[in-house]
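Summary of structural features
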Amino acid sequence: MPSSSRPLFLVLAASLFACAGQTPPPNPPEAPPATIAPAKGYDARGQSKACEPPPADCPAVSPDRDLADRCSLGGFRMIQCGCEMLCGGNPGSGEAKQHYDAEGHGKACAPAKDDCTPEPASAAFQDACAEKGHKLEVCGCEWLCSGNPKL
C-alpha cells in the first residue's frame, strides 16, 4: 500500500472498529396511524368539494385547461378527486377580472371575441399601462390594461 493512502486507511479502520461494538438504538414505539381528513378540491367556479380517492373504474380524466392554468398561477396543483380533476387550492371564481380603459375606468374583462378586431390602442395608453407594470389585453372587442394606468 502506498504511504500516501496509509493515513486514510488507518482512519477508516479506526472508524469501523469504533462502531463495531455499538448496538443500534431501540425502535421507537409504533405511532398510531394518523387520521387523515379528506382533502378539498376546488372546481372552476371556486366551489370546494370533498376529495375522495378515485375509484378503480374511473375513465381517463383530463383537467379543464382554464382551471389548470388558474390553479397553477395561484400556486396550486391539480388533484384527482373521485373521477374529476380539481384544483388543490382555491384559484378564484373564474369571474371576469377587472381591467381599465385609457381613462382609468374599471371594466370587466370579457373573453376576446373571434369575430372582431379592436382598434389599435394609443401609444400613450400602451406606455402608461406598461410603465405601471401592467399589460394590455383584448377584452371583448377593445384593448384594456390589466391594472389602472392612472394610478
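Look above for the structure.
The present account deals with the structure reproduced in this document. Just so we're clear, the structure is a prediction, and the values are computed from it rather than from any experiment.

1. Notes on helix α2 (residues 65-73)
Considered for burial, the residues of α2 that qualify are Leu67, Ala68, Arg70 and Cys71. Burial along α2 is one-sided: seen end-on, the buried residues are contained in an arc of 170°. Seen from the open side of α2, the exposed residues pointing more than 90 degrees away from its buried face are Arg65 and Leu73. In the core, the buried residues of α2 are packed alongside β1 (39-42), β3 (78-81) and β4 (84-87). A side-chain oxygen of the first residue of α2 lies 3.1 Å from the backbone nitrogen of aspartate 66; this N-cap is aspartate 64. At the exit of α2 stands glycine 75, carrying a positive phi of roughly 85°.

2. Some words on the pattern of salt bridges
Inspection of the entire model under this criterion finds six salt bridges. Linking aspartate 66 and arginine 70 is a salt bridge whose minimum nitrogen-to-oxygen distance equals 3.2 Å. Within this pair, aspartate 66 and its partner arginine 70 are both found in helix α2, separated by four residues, close to a single helical turn. Looking at aspartate 66, the relative accessible area reads 46%, which means it is partly exposed. Between lysine 107 and aspartate 101 there is a salt bridge, with the nearest N and O atoms lying 3.9 Å from each other.

3. Description of the state of the cysteines
Under the definition given, this model contains six disulfides. Covalently, cysteine 71 is tied to cysteine 87 through a disulfide, its sulfur atoms 2.1 Å apart. On the sign convention where negative is left-handed, the bridge of cysteine 71 and cysteine 87, at about 85° about the S-S bond, is right-handed. One end of the pair, cysteine 71, is in helix α2; the other, cysteine 87, is in strand β4, with 16 residues separating them in the sequence. Looking at cysteine 71, the relative accessible area reads 0%, which means it is buried. A relative accessible area of 0% places cysteine 87 in the buried class. Numbered by position along the chain, the disulfide-linked cysteines of the chain connect as 1-4, 2-5, 3-6, 7-10, 8-11, 9-12.

4. Overview of the environment of cysteine 58
On the secondary structure map, cysteine 58 appears in the loop between β2 (48-51) and α2. The spacing of cysteine 58 and glycine 82 is 24 residues in sequence and 7.8 Å in space, taken between C-alpha atoms. For cysteine 58, the contacting residues outside a window of four places in its chain are Gln80, Gly82 and Cys83.

5. Regarding the nonpolar core
Where a protein is soluble and globular, its nonpolar side chains tend to be buried together. If you look at the biggest cluster of nonpolar residues, it comprises six residues: Leu67, Ala68, Cys71, Met78, Met85 and Cys87. Contributing elements (two or more residues each) for this core: α2 and β4. Broken down by element, this core gets its largest block of residues, three residues, from α2. Leaving out residues up to four positions away in the same chain, cysteine 71 has contacts with Phe76, Arg77, Met78, Cys87, Gly88 and Pro91.

Reading the values: the criteria
Each chain has its residues counted from 1, running along the sequence as written. In view of the model being predicted, local features appear only for residues whose pLDDT reaches at least 70, and side-chain atom pairs are presented and counted only at 80 or more, with totals across whole chains, interfaces and linings using the full set of residues. With hydrogens and water set aside, each side-chain value is computed from the structure's full complement of heavy atoms. Buried means the residue's accessible area, taken with a 1.4 Å probe over protein chains only, is under 20% of the maximum for its type, while exposed means over 50%, and partly exposed covers the values in between. The helix count covers DSSP runs of H or I at least four residues long, the strand count covers runs of E at least two residues long, and both are numbered beginning at the N terminus. To obtain the arc, one takes the directions from the helix axis to the C-beta atoms. Here, residues are in contact when the closest pair of their heavy atoms is within 4.5 Å. We define a polar contact as two N or O atoms separated by no more than 3.5 Å, with the added condition that, inside protein, one atom must be a possible hydrogen donor and the other a possible acceptor, whereas residues neighbouring each other in sequence contribute only through side-chain atom pairs. Should a side-chain nitrogen of Lys or Arg be within 4 Å of a carboxyl oxygen of Asp or Glu, the pair is scored as a salt bridge. In what follows, a disulfide is any cysteine sulfur pair within 2.5 Å. For this analysis, a nonpolar core means a set of buried residues of the types Ala, Val, Leu, Ile, Met, Phe, Trp, Tyr and Cys, connected via side-chain atoms within 4.5 Å.

Bear in mind that shape data such as this cannot, by itself, settle questions of function.
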